[in-house]
Amino acid sequence: MKFYELFNIFYLLEEYYRIDRCRRCECLHGALWRLRALVDSVEDGERREFLLVSIDRLLSASNLNPCMGCEHCEPADLIAVMEERTARL
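Right, let's walk through the structure included here. (Residues numbered from 1 in each chain as written. Predicted model: local features only at pLDDT ≥ 70, side-chain atom pairs only at ≥ 80, totals over all residues. Heavy atoms only, no water.)

Quick word on a nonpolar patch on the surface
Next, step 1: Where nonpolar side chains cluster on the molecular surface, the patch consists of Phe7, Tyr11, Leu12 and Phe50 and spans about 400 Å² of accessible area.
Next, step 2: With three residues, helix H1 (residues 3-17) is the single largest residue contributor to the nonpolar patch.
Next, step 3: Here Tyr11 is to be found in helix H1. (Patch = residues over 30% accessible without salt bridge, like charges linked within 9 Å, V, L, I, M, F, W, Y side chains within 5 Å. Areas by Shrake-Rupley, 256 points an atom, 1.4 Å probe, with all protein chains shown as cover. Salt bridge = Lys/Arg side-chain N within 4 Å of Asp/Glu carboxyl O. Helix = DSSP H or I, 4+ residues; strand = E, 2+ residues; numbered from the N terminus.)

Set out below in structure tokens:
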């Protein structure tokens, strides 16, 4: 994946993080961890480090609960997008 795509996914996940229900859900955490693994594999210097620190900030500032069972889960959709994109590489 291109770095700008990873940053855009982070931006979306950061928006979901502002929703209390999402912030506490393992689905969002799973998406953040998957994104972190992808970012960690990119060699992009300062931008890479900035994004890793930003992801770690969200991961460390949350209390994790099991999946909330939402009818539609945006973070889970983003995990699917990340998996689909990386499978094409």
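Here the narrative resumes, following the displayed structure.
Some details on H1
An α-helix turns once every 3.6 residues. As a result, residues three or four positions apart point the same way.
Next, step 1: Here H1 contains 15 residues, and its C-alpha end-to-end distance of 21 Å stays within 8% of the 21 Å for a straight helix at 1.5 Å per residue.
Next, step 2: Residues Phe3, Glu5, Leu6, Ile9, Phe10, Leu13, Glu14, Tyr16 and Tyr17 constitute the buried set of H1.
Next, step 3: On the buried face of H1, the contacting elements are helix H2 (20-23), helix H3 (26-40), helix H4 (45-60) and helix H5 (74-87). (Expected span 1.5 Å × (residues − 1). Buried < 20%, exposed > 50% of the residue type's maximum accessible area, 1.4 Å probe, protein only. Contact = heavy atoms within 4.5 Å.)

A word on the packing of H3 against H5
Next, step 1: Close contact between H3 and H5 brings their axes to 8 Å; oriented N to C, the two are set at 25°. When the interaxial angle is binned, H3 and H5 end up roughly parallel. With respect to the hand of their crossing, H3 and H5 are arranged in left-handed fashion. In this structure, H3 uses Cys27, Leu28, Gly30, Ala31, Arg34, Leu35 and Leu38 to contact H5, whose residues at the interface are Pro75, Ile79, Met82, Glu83 and Thr86.
Next, step 2: The residue inventory of the contact of H3 with H5, partitioned by class, reads eight nonpolar, two polar and two charged. (Axes fitted to C-alpha atoms, helices over the stretch in contact; angles between N-to-C directions. Parallel < 35°, antiparallel > 145°, perpendicular 65-115°, else oblique. Left-handed = near helix turned anticlockwise from the far one by under 90°. Nonpolar A, V, L, I, M, F, W, Y, C, P; charged D, E, K, R; others polar.)

A short note on the side chain of Glu5
Next, step 1: Tracing the backbone through its elements, the reader meets Glu5 in helix H1.
Next, step 2: Within polar-contact distance, the side chain of Glu5 engages the backbone nitrogen of Lys2 at 2.9 Å. (Polar contact = N/O pair within 3.5 Å; in protein donor to acceptor, adjacent residues only side chain to side chain.)

Things to note about the pattern of salt bridges
Next, step 1: Using the criterion set out here, one finds nine salt bridges in the structure.
Next, step 2: One salt bridge in this structure joins Glu83 and Arg34, with 2.5 Å as the shortest N-O distance. Of this pair, Glu83 sits in helix H5 while Arg34 sits in helix H3, and the two are 49 residues apart along the sequence.
Next, step 3: Several salt bridges converge on common partners, so that one network encompasses Asp20, Arg23 and Arg24.

Comments concerning the packing of aromatic side chains
Next, step 1: Across all of its chains, the model carries one aromatic pair by this definition.
Next, step 2: Both rings, one in Phe7 and one in Phe10, keep their centres 6.4 Å apart while their planes meet at 45°; by these two values the pair is tilted. Taken together, the residues span about one helical turn, with Phe7 and Phe10 both in helix H1 at a distance of three residues.
Next, step 3: With relative accessibility at 3%, the residue Phe10 sits in the buried group.
Next, step 4: One residue, Arg23, lies across the ring of Tyr17, its end atom 5.5 Å from the ring centre. (Phe/Tyr/Trp six-rings, centres within 6.5 Å; stacked < 30°, edge-to-face > 60°. Lys NZ or Arg CZ within 6 Å of the ring centre and 35° of its normal.)

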